[in-house]
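Structural characterization, general
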Amino acid sequence: MKTEPTDTKKDDSLLYHPPKSIMRKANIKEYEQAYAKSIADREGYWAGEAKKLKWFRKWKEVLDDSNKPFYKWFTGGKINIVANAIDRHLETHRRNKLAMIWEGEPGDVKTMSYHALNREVSKFANVLKSMGVKKGEIVTIYMPQIPELPIAMLACAKIGAMHSVVYGGFSVEALAGRISDAHSRVLVTADGGWRRGKITDLKAIANEAMDRSPTIEVCITVKRTGQEVHMENDRDFWYSDLMALPIASPSCETEVTDAEDPLFILFTSGTTGKPKGLVHTHGGYTVYTSTTLRNVFDIKDEDRWWCAADPGWITGHSYLVYGPLINGATIVMYEGAPNHPYPNRWWSMIEKYGVSILYTSPTAIRGLMRFGEQWPKRHDLSSLRLLGSVGEPINPEAWRWYHEVIGRGECPIMDTWWQTETGGMMIAPLPITPLKPGSATKPQFGIEVGVVDENGEDVKAGEEGKLVIKGPWPGMARTIYGDADRYAETYWKEYEEQGWYKAGDSARIDEDGYIWIIGRIDDVIKVSGYRLGTAEVESALVSHPAVSEAAAIALPHEVKGNAIHTYVILKNGLVGDKKLEEELRKHVSDEMGPIARPETVAFLESLPKTRSGKIMRRVLKARAMGVDEGDLSTLED
Ligand code: WT7
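These lines cover the structure that appears in this document, whether it is placed above or below. (Residues numbered from 1 in each chain as written. Predicted model: local features only at pLDDT ≥ 70, side-chain atom pairs only at ≥ 80, totals over all residues. Heavy atoms only, no water.)

1. Quick notes on the overall build of the protein
For the protein, the count of helices and strands is 19 helices and 30 strands. The globule rule puts the C-alpha radius of gyration for 637 residues at 26 Å, and the 24 Å found for the protein is close to it. In terms of its C-alpha atoms, the protein occupies a principal-axis envelope of roughly 70 × 65 × 60 Å. With 637 residues in all, the protein has 62% of them scored as buried. (Helix = DSSP H or I, 4+ residues; strand = E, 2+ residues; numbered from the N terminus. Rg over C-alpha atoms; globule rule 2.2 N^0.38 Å. Buried < 20%, exposed > 50% of the residue type's maximum accessible area, 1.4 Å probe, protein only.)

Pasting the structure below:
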């Protein structure tokens, strides 16, 4: 049960220097001085980066901090992210450059130039308009990884509507809750998608979710699999039918939005309660995602950029869709599983499309590593120049495999730390940074990071403390949708005096100033890099008629990084057995989606609690791992 990624020992003194060829070509040649300068004059730095973009009207103020912690960036400025991600490229050589190369799991391929992408986005924007979608309204998108997903996102942004993308692996319950929270009137989905050779039932799930959240008036469905699905009269439309109507004209003005106008909401798990919808804006997010991508991944016109994350997560929003398109790159996108039909699928795609940068997660690397190096060895991966990692700390063993087997020992690995809340990469190397396997290295320009104690004092080098960001940055989430108090409370309350953002992670900084992320300090679990709240798993369990109380913890797992283990107290008179255990695991999966499926369900008579009634998850964890239970003085009995 307790399989831990082997060789997790982190060695502070190990340094990997980037090859000369990478250093020579790097967009940024020097870090220390440029960083110091960016911190000394943050607003100056961000204004300089913002100037590289297309604005309809220049901003008046770079940062408005008159109502902390509700910071505003580039106030008075008019911009639209789509004007930057598409429109401005149409006037350059990029018009006929590939914006997207997409491969479906069954092997079908679609490519699209910036010109073609603009047509599709404009057509769908007009379709949305014809359905009465207005500026500021939230359209929910629930789709597999197909081109229509980024097209739908961009179409919303183009007309000033917001999108709320719900990951295609989420369940009825999760989708229904997110639709209701967003009061969405329009849902964009697909009849299904391909995953491991099977068809997923997206539309059936969407139908059930719509039954539970009555706000939806219009549902637009992309025909991906051709499977039989139920379509409701007056509510359901086929995407292809609408796109063939005269209303779907390929010309559509891009809405002039305010820098601070919301671009999207994206739900993520927190410590308590329901997932929260974080709000990102047109101005700051455009500046932040494009700048960080250019700096960290050295993106160039000739690059083929593959961010293997699903657009349903922030990584997909910032670095599959928006960041690379703003930089005019060619994005590679893949619908299905990395090991379908064989574990060489990714490597064959890298060879086939000449991918130059691959950005993925430690869990994906560990998963592919298991199949052995004979799979990548069959392919010519020499097009790769840089590699990236995100989502959780990368263990040195996976790092070395990625570096040696995938990157021929020549591709630096950009280990990037950031969050849904931060909008873009915060702590990450540049291609010129000497690397230490397992460390996300140093802060990005304009970002000041601290590792501090309760009082906000810096802890000593090498000691563990709380990770804070000292001051605002353009890519930061502006609020939690519909709950500004919770936003202020969760992120800015603890270090209110200093004006710092609390990340929720613990970390240490070594003698050389390298930052090592240790993990979450709150009740958030990272499973395969996905973020889940123990509270959500527990409430899913308690919603089962047999369960009276539940606790969820994370234990180390060889591939997933962490896996969920749960403990339940059954209602009076009920006895737990294998069958019930299986039923409860399935129940959580049905409620939340397969990623939340617990590894184990154990039946207990009581749960360790504090005298005030809080479940002591750390005690459960210590017991499961067979280590010291620590201070038990607050334990109830
Ligand atoms: C949490 C945020 C940002 C995209 C994906 C995750 C963990 C993220 C790293 C990294 C160590 C990392 C943190 C963070 N995390 N990247 N490179 N090294 N930990 O976004 O789902 O909002 O999760 O992921 O614990 O707080 P998210």
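2. A closer look at the packing of helix 5 (residues 114–130) against helix 6 (residues 148–158)
Look at helix 5 against helix 6: their axes get within 8 Å of each other, and the N-to-C directions meet at 65°. In the packing of helix 5 onto helix 6, the handedness of the crossing is right-handed. Contact residues: helix 5 offers Leu117, Asn118, Glu120, Val121, Ser122, Phe124, Ala125 and Leu128, while helix 6 offers Ile151, Ala152, Leu154, Ala155, Cys156 and Lys158. Classifying every residue of the contact of helix 5 with helix 6 gives ten nonpolar, two polar and two charged. (Axes fitted to C-alpha atoms, helices over the stretch in contact; angles between N-to-C directions. Left-handed = near helix turned anticlockwise from the far one by under 90°. Contact = heavy atoms within 4.5 Å. Nonpolar A, V, L, I, M, F, W, Y, C, P; charged D, E, K, R; others polar.)

3. Structural notes on a negative patch on the surface
A grouping of Asp41, Glu43, Glu61 and Asp65 is seen on the molecular surface, where their side chains present a negatively charged patch. Mapped onto the fold, aspartate 65 is located in the loop between strand 1 (61–64) and strand 2 (72–75). Aspartate 65 sits in the partly exposed class, given a relative accessible area of 37%. (Patch = residues over 30% accessible without salt bridge, like charges linked within 9 Å, V, L, I, M, F, W, Y side chains within 5 Å. Areas by Shrake-Rupley, 256 points an atom, 1.4 Å probe, with all protein chains shown as cover. Salt bridge = Lys/Arg side-chain N within 4 Å of Asp/Glu carboxyl O. Lys, Arg positive; Asp, Glu negative; His and termini not counted. Charge placed at Lys NZ, Arg CZ, Asp CG, Glu CD.)

4. A few points about the layout of surface pockets
One number sums up the size of the second largest pocket: a volume of about 400 Å³. Around the second largest pocket, the lining comprises 18 residues; the ones closest to its centre are Glu173, Ala174, Arg178, Lys274 and Pro275. Within the residue set of the lining of the second largest pocket, elements represented by two or more residues are helix 7 (172–182), helix 17 (534–542) and helix 18 (578–592). By residue number, the principal contributor to the lining of the second largest pocket is helix 7, which donates six residues. (1 Å grid on protein atoms, 1.4 Å probe; cavity = no way out; pocket = protein on both sides within 12 Å on 5 of 7 lines; lining within 4 Å. Points joined across faces, edges and corners; volume = space filled by probe spheres on them.)

5. Some remarks on the site of the ligand
Surrounding the ligand, one finds 17 residues, the nearest of these being Asp415, Thr416, Thr420, Arg520 and Arg531. At 3.4 Å, a backbone N or O of glutamate 392 approaches a nitrogen atom of the ligand. Contact distances for the ligand include 2.7 Å between a nitrogen atom and a side-chain N or O atom of aspartate 415. Protein burial of the ligand: of its 560 Å² of free accessible surface, 95% is covered by the chains. Breaking the shell around the ligand down by element, the ones donating at least two residues are helix 11 (314–326), strand 20 (413–416) and strand 25 (515–520). Classifying every residue of the shell around the ligand by side-chain character gives six nonpolar, five polar and six charged. (Near = heavy atom within 4 Å. Polar contact = N/O pair within 3.5 Å; in protein donor to acceptor, adjacent residues only side chain to side chain.)

6. Quick word on the sheet that holds strand 28 (residues 547–557)
Strand order in the open sheet made by the three strands is 28-29-30, with mixed pairing throughout. Sheet topology places strand 28 and strand 30 (600–603) at the edges, where each strand pairs with a single neighbour. The mean angle between the axes of side-by-side strands here comes to 25°, regardless of whether they run parallel or antiparallel. Along the sheet, helix 17 makes contact with strand 28 and strand 29 (561–570), crossing strand 28 at roughly 140°. Helix 18 contacts strand 28, strand 29 and strand 30 of the sheet and is inclined by roughly 130° relative to strand 30. (Pairing = 2+ DSSP bridges.)

7. A look at empty space enclosed by the protein
On inspection of all chains with the given rule, the structure shows two cavities of 30 Å³ or more. Val165, Val166, Tyr167, Phe170, Arg178, Leu266, Phe267, Gly312 and Trp313 together form the lining of the largest cavity. By residue class, the composition of the lining of the largest cavity is seven nonpolar, one polar and one charged. In terms of lining, the second largest cavity is formed by Tyr31, Ala428, Pro429, Leu430, Thr433, Thr441, Lys442, Pro443 and Gln444. For the lining of the second largest cavity, the class distribution of residues is five nonpolar, three polar and one charged.

8. What to know about the sheet that holds strand 19 (residues 386–390)
Strand pairing in a sheet is mediated by backbone hydrogen bonds. Such pairs are either parallel or antiparallel. Pairing in this open sheet of seven strands is mixed, and the strands run 5-4-17-16-18-19-20 from one edge to the other. Lying at the two open borders of the sheet, with one neighbouring strand each, are strand 5 (109–113) and strand 20. Strand-to-strand twist across the sheet, computed as the mean angle between neighbouring axes with direction ignored, equals 15°. Sheet topology places strand 4 (residues 98–103) next to strand 17 (residues 330–334); four bridges connect them, and they run parallel.

9. A short note on the environment of tryptophan 194
Structurally, the position occupied by tryptophan 194 is in strand 9 (residues 194–195). Look at tryptophan 194 and you get partly exposed, because its relative accessible area is 23%.

10. Brief notes about the packing of aromatic side chains
Counted by the stated rule, this structure contains 34 aromatic pairs. Summarising the aromatic geometry, the rings of tryptophan 55 and phenylalanine 74 are spaced 5.5 Å apart at their centres and angled 55° between planes, so their arrangement reads as tilted. Residue tryptophan 55 is located in the loop between helix 3 (42–50) and strand 1, and its partner phenylalanine 74 is located in strand 2; the two are separated by 19 residues in the primary sequence. Accessibility assignment for this pair places tryptophan 55 and phenylalanine 74 in one class, buried. When the centroid spacing of 5.3 Å and the interplanar angle of 55° are considered together, the rings of tryptophan 306 and tryptophan 346 count as tilted. In this pair, tryptophan 306 sits in strand 16 (residues 304–307) while tryptophan 346 sits in helix 12 (residues 345–353), placing the two residues 40 residues apart along the sequence. (Phe/Tyr/Trp six-rings, centres within 6.5 Å; stacked < 30°, edge-to-face > 60°.)

11. A word on the side chain of arginine 531
Note that arginine 531 resides in strand 27 (residues 530–533). Among the polar contacts listed, one links the side chain of arginine 531 to the backbone oxygen of serine 269, at a separation of 2.9 Å. A distance of 2.7 Å separates a polar atom in the side chain of arginine 531 from a polar atom in the side chain of glutamate 421. Those residues in contact with arginine 531 that sit more than four places away from it in its chain are Thr268, Ser269, Lys276, Gln419, Thr420, Glu421, Arg520, Val524, Ile525 and Lys526.

12. A few points about unusual backbone geometry
Following lysine 68, the chain continues into proline 69 via a peptide bond in cis, with omega recorded as -5°. Within the element layout of this structure, proline 69 appears in the loop between strand 1 and strand 2. That bond from histidine 340 to proline 341 is cis: its omega, -5°, falls within 30 degrees of zero. As for its placement among the helices and strands, proline 341 is situated in the loop between strand 17 and helix 12. Although it is not a glycine, arginine 196 sits at a positive phi angle of roughly 55°. By the element assignment, arginine 196 lies in the loop between strand 9 and strand 10 (198–199). Of note, serine 528 is a non-glycine position whose phi angle comes to about 50°, a positive value. Of note, serine 528 is situated in the loop between strand 26 (524–527) and strand 27. A relative accessible area of 19% places serine 528 in the buried class.

13. With respect to the state of the cysteines
In the structure shown here, the tally under the stated rule is zero disulfides. Summary of cysteine pairing: cysteine 252 is not part of a disulfide, and the nearest cysteine sulfur, belonging to cysteine 156, is at 12 Å. For cysteine 252, a relative accessible area of 13% corresponds to the buried category. Cysteine 307 supplies the cysteine sulfur nearest to cysteine 411, a cysteine that is in no disulfide, at a spacing of 17 Å. Using a relative accessible area of 0% as the deciding quantity, one classes cysteine 411 as buried. (Disulfide = S-S within 2.5 Å.)

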